[in-house]
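Analysis of the macromolecular model
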Amino acid sequence: MIAKLFIALQYLLPQHLLSRAVGYLARCEWGPLKDLLIKTFIRAFKVQMDDYQRTEAAEFKHFNDFFTRTLKPGAREIPEDANTAFSPVDGAISQLGMTTQGRLIQAKGRDYRLAELLADDALAQRLEGGAFATLYLAPKDYHRIHMPFDGTLTQMIHVPGDLFSVNNDTAEGVDRLFARNERVVCVFDTQHGEVAMVLVGAMIVASISTVWHGQVTPVKGVQSWHYTTTQNIQLKRGDEMGQFALGSTVILCTQPDRLVWDESSVPGLPLRLGQPIGQWQ
């Protein structure tokens, strides 16, 4: 009953206005307020600060600076074997498997179209039948996203949309959740073929950024754009590629016959950056 009420409320709320208002508050640099926000958040979500370079509220410029906090050197280990597929984030597996007849599993009894998620029919055709993983980042998690492979950026697509929550209750209750929320599709050429990493926005996500572009969302007005790079943007395994200021979800999509998930990689499994989840073929 509570979950249904929460979902119904999201349809009624001004999602973008609320998210932008939270974003404004999260950038406030007034010491007493930002320290209170940070300390309250740490207590409420039981954030373990031992892995981070800065541990005290006073050390952060504002709440967003805290939320996108950096890890201590050596806090996460990246597998040396290039054939080991690993999690690009701290979080948990929401769903994973193979794209079937152009559709991905969202939750039990719900699926959606790969082409709609990617906003590119030709790209979806090339990734049809490949592996996918939906990785959910909870509020307490480290919110920087790292490269799970060496890759050269070939295109980036911004897709405007809704800002529903992306937690399990909403995934189970809102049709086409990830294909209707605002998102940034990053496509890479890799030794494992073409791979897409989709950064999905959510309720009160103040921004999505990439290391090569800076802040991608929010943008003024509602528009989509498709960016095909002429630059030579190359990132190595383990390099940071982007970050969320609050939220959200990363969806990894590959070409067919390139990735096999480990048997232990199942929905609900907690993850840390660098944790093995499969094998590249």
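See the structure printed just above.
Residues numbered from 1 in each chain as written. Predicted model: local features only at pLDDT ≥ 70, side-chain atom pairs only at ≥ 80, totals over all residues. Heavy atoms only, no water.

When helices and strands are counted, the protein chain shows eight helices and 18 strands. Of all 281 residues assigned to the protein chain, the portion counted as buried reaches 53%. By sequence separation, contacts in the protein chain at least 24 residues apart represent 76% of the contacts at least 6 residues apart. (Helix = DSSP H or I, 4+ residues; strand = E, 2+ residues; numbered from the N terminus. Buried < 20%, exposed > 50% of the residue type's maximum accessible area, 1.4 Å probe, protein only. Contact = heavy atoms within 4.5 Å.)

This part is about the pattern of salt bridges. In total, this model carries 13 salt bridges according to the counting rule given. Here the residues in one salt-bridge network are Asp 51, Arg 76, Asp 90 and Arg 272, joined through shared partners. (Salt bridge = Lys/Arg side-chain N within 4 Å of Asp/Glu carboxyl O.)

One open sheet accounts for three strands, arranged 1-18-16; its pairing is antiparallel. The outermost strands of the open sheet, each flanked by one partner alone, are strand 1 (84-86) and strand 16 (259-261). The sheet shows a mean angle of 35° between the axes of neighbouring strands, direction not considered. The pairing of strand 16 with strand 18 (residues 276-280) spans three bridges and is antiparallel. (Pairing = 2+ DSSP bridges. Axes fitted to C-alpha atoms, helices over the stretch in contact; angles between N-to-C directions.)

Here we come to the pairing of strand 14 (residues 240-245). Burial analysis of strand 14 places five of its six residues in the buried class, which makes it a mostly covered element. Both strand 6 (residues 144-146) and strand 14 contribute to a ladder of three bridges, which runs antiparallel. Each bridged residue has a counterpart across the sheet, and for His 146 the counterpart in strand 14 is Glu 240.

What follows concerns the nonpolar core. Counting residues in each nonpolar core, the largest one holds 33 residues, and the members touching the most others are Phe 188, Met 197, Trp 212 and Met 241. Among the nonpolar cores identified, the runner-up in size contains 27 residues, and Tyr 112, Val 166, Val 187 and Val 198 belong to it. (Core = buried A, V, L, I, M, F, W, Y, C linked by side-chain atoms within 4.5 Å.)

In space, the four strands of this open sheet follow the order 6-14-10-11, with antiparallel pairing throughout. With partners counted over all chains shown, the strands left at the sheet margins are strand 6 and strand 11 (214-217), one partner each. Strand after strand, the sheet turns through a mean of 25° between neighbouring axes, direction not considered.

One pass over the full model with this rule turns up twelve aromatic pairs. An aromatic cluster of three or more residues is present, and its members are Phe 41, Phe 45, Phe 60, Phe 63, Phe 66 and Phe 67. In this structure, Arg 69 packs its charged tip against the face of Tyr 52, placed 4.5 Å from the ring centre. The ring of Phe 66 is capped by Arg 69, whose NZ or CZ atom sits 4.6 Å from the centre of that ring. (Phe/Tyr/Trp six-rings, centres within 6.5 Å; stacked < 30°, edge-to-face > 60°. Lys NZ or Arg CZ within 6 Å of the ring centre and 35° of its normal.)

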